[in-house]
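Examining the three-dimensional arrangement
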Amino acid sequence: MRNCDLLCVGAGLTLLLGLIPSVASAQTFESIGVRAQGLGGAYVAVADDATSSWWNPAGQVTGAYFSAVVEKGRTTEPVTPTASGPAVRTTWTDFSVGFPALGLSHYRLRISEIASNSTTAGGAANRQDPGGTGTSSVRSIGINQYSATIGQSIGDAVAIGATLKLLQAGEVRSTSTGTAPLDDADALDVVRQTRPDVDGGVMVHAGHVRLGL
């Protein structure tokens, strides 16, 4: 009887949580890869195409013999238009090609956002206010990544990989008095610094279970 009660309570909680709407997002870098976006960013354990160089380099050896991805896109948040307008805009272009043992890729991202807003008409401050008669604090981040990915299988269940990266990145902050502060942020000149970097990844798969790190 007690087991039945616990089962009913668990089923009720599951149903309740399923009825609560929420944004499907697991990582903050879900802009790269159409498949990754379709999975809400939950792609680290299943990345098996050319974009694995961005998500998990171990996926380089788990997919098809040859994979190539070319993308160009733009997103704004919030997605649904509101009176306050979007607060963040992400623009990206990427090219990646992969074989089981080697992948080459180039990713370019521009992330612009309204950091804060103060009105001159005595209104309340609103981070997502697109401007009007106020002054918006904006910032823009620019990222270029040139990378090469190598991977290796260990038996039938484990794959490891590494992505060697040359990063060019920078951030700039300014103010905007216009009615389109995100456009003003996109127009800012971002001074980038160049640094080498490396990503490491591992995948473990057994049947229908996949783990990625």
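These figures come from a predicted structure and were not determined experimentally. (Residues numbered from 1 in each chain as written. Predicted model: local features only at pLDDT ≥ 70, side-chain atom pairs only at ≥ 80, totals over all residues. Heavy atoms only, no water.)

A word on the overall build of the protein chain
Which entries qualify depends on this criterion: Counting from the N terminus, the helices are the DSSP runs of H or I reaching at least four residues and the strands are the DSSP runs of E reaching at least two. Whether a residue is buried, partly exposed or exposed follows from its accessible area with a 1.4 Å probe, protein chains only, as a fraction of its type maximum: under 20%, in between, or over 50%, in that order. Two residues form a contact once any of their heavy atoms are found within 4.5 Å. To be clear on the numbers: accessible area is Shrake-Rupley with a 1.4 Å probe, and residue cover counts the displayed protein chains and nothing else.
Looking only at helices and strands, one finds four helices and seven strands in the protein chain. When the helices and strands of the protein chain are read in sequence order from the N terminus, they spell out α-α-α-β-β-β-β-β-α-β-β. For the protein chain, with 213 residues in total, the buried portion stands at 35%. Put simply, 59% of the contacts in the protein chain that link residues at least 6 apart link residues at least 24 apart. Carbon and sulfur atoms form 62% of the exposed surface of the protein chain, whose accessible area is close to 12200 Å².

Side note on the layout of surface pockets
Let me state the cut-off plainly: Here a cavity denotes grid points, spaced 1 Å and computed from the protein atoms alone, that fit a 1.4 Å probe unable to get out, and a pocket denotes an open set having protein on both sides within 12 Å along at least 5 of 7 lines; residues with an atom within 4 Å of a point are the lining. Grid points are joined across faces, edges and corners, and a volume is the space filled by probe spheres set on the points.
In this structure, the second largest pocket encloses a volume near 170 Å³. Elements with a contribution of two residues or more to the lining of the second largest pocket: helix 3 (52-55), strand 4 (135-154), strand 5 (158-176) and strand 6 (193-206).

A closer look at the packing of aromatic side chains
Using the following cut-off: Two rings from Phe, Tyr or Trp (for Trp, the six-membered ring) form a pair when their centres sit within 6.5 Å of each other. Planes less than 30 degrees apart are called stacked, planes more than 60 degrees apart edge-to-face, and all others tilted.
All told, the structure shown has four aromatic pairs when counted by the stated rule. With 5.2 Å between their ring centres and 55 degrees between their planes, Phe-66 and Phe-99 make a pair best called tilted. With Phe-66 in the loop between helix 3 and strand 1 (67-77) and Phe-99 in the loop between strand 2 (88-98) and strand 3 (103-118), this residue pair connects regions lying 33 residues apart in the sequence. Taken together, the ring pairs in this structure connect Tyr-65, Phe-66 and Phe-99 into an aromatic cluster.

Structural notes on the confidence of the model for the protein chain
Applicable threshold: Confidence of the predictor at the level of single residues is captured by pLDDT, which takes values from 0 to 100.
When pLDDT is averaged along the protein chain, the result is 81, and 73% of the positions lie at 70 or above. The lowest-confidence element of the protein chain is helix 1 (residues 2-19), averaging 55 in pLDDT; the highest-confidence one is strand 5, averaging 95. Segment residues 22-28: pLDDT under 50, and 11 contacts once partners within four positions in sequence are set aside and those in other chains are kept. Of the regions scoring below 50 in pLDDT, residues 120-132 engages in 38 contacts with residues more than four places distant in sequence or in other chains.

Regarding the pattern of salt bridges
The test is simple: A carboxyl oxygen of Asp or Glu within 4 Å of a side-chain nitrogen of Lys or Arg is what we treat as a salt bridge.
Within this structure, the stated rule accounts for nine salt bridges. Close ionic contact of Lys-165 with Asp-197 constitutes a salt bridge, the shortest N to O distance being 3.7 Å. On the criterion of sequence distance, the pair formed by Lys-165 in strand 5 and Asp-197 in strand 6 is long-range, its members being 32 residues apart. The network of salt bridges with common partners includes Glu-113, Arg-139, Glu-171 and Arg-173.

Focus: the pairing of strand 5
Quick note on the threshold: Strand pairing is assigned whenever DSSP detects at least two bridges linking the two strands.
Sheet topology note: the strand 4/strand 5 ladder contains 19 bridges and is antiparallel. Its bridge partner being in strand 5, Asn-144 is matched across the sheet by Gln-168. As consecutive antiparallel partners, strand 4 and strand 5 are separated by three residues, and within that stretch Gly-155 has a phi angle of approximately 75 degrees, a positive value. Across 12 bridges, strand 5 lies against strand 6 in antiparallel orientation. Bridge pairing in strand 6 places Thr-163 opposite Asp-199.

Remarks on the environment of Arg-173
Threshold: Any pair of nitrogen or oxygen atoms within 3.5 Å is treated as a polar contact; in protein, a donor-acceptor pairing is required on top of that, and neighbouring residues in sequence qualify only through side-chain atoms on both sides.
Topologically, Arg-173 is positioned in strand 5. Accessibility expressed as a relative area gives 55% for Arg-173, which makes it exposed. Once the C-alpha coordinates of Arg-173 and Ala-185 are considered, the two residues, 12 residues apart in sequence, prove to be 8.2 Å apart. If near-sequence neighbours (up to four positions away) are discounted, Arg-173 is found in contact with Val-138 and Arg-139. Within the local environment of Arg-173, its side chain forms a polar contact with the side chain of Glu-171, the two groups lying 3.2 Å apart.

As for empty space enclosed by the protein
If a probe the size of a water molecule is rolled over the atoms, the empty space left behind becomes visible. Put simply, the rule reads: Side-chain classes are defined by residue name, with Ala, Val, Leu, Ile, Met, Phe, Trp, Tyr, Cys and Pro counting as nonpolar, Asp, Glu, Lys and Arg as charged, and the others, Gly among them, as polar.
Evaluated as defined, the whole model comprises one cavity of 30 Å³ or more. Of the pockets and cavities examined, the largest cavity occupies roughly 60 Å³. If you trace the largest cavity, you find it lined by Asp-48, Asp-49, Ala-50, Ser-52, Gly-59, Gln-60, Gly-63, Ala-64, Ser-67, Gly-98, Phe-99 and Pro-100. Class assignment of the residues belonging to the lining of the largest cavity gives a composition of four nonpolar, six polar and two charged.

Some details on the side chain of Asn-56
With respect to the secondary-structure elements, Asn-56 resides in the loop between helix 3 and strand 1. Setting aside anything within four residues of it in sequence, one finds Asn-56 in contact with Val-44, Gly-201, Val-202, Met-203, Gly-212 and Leu-213.

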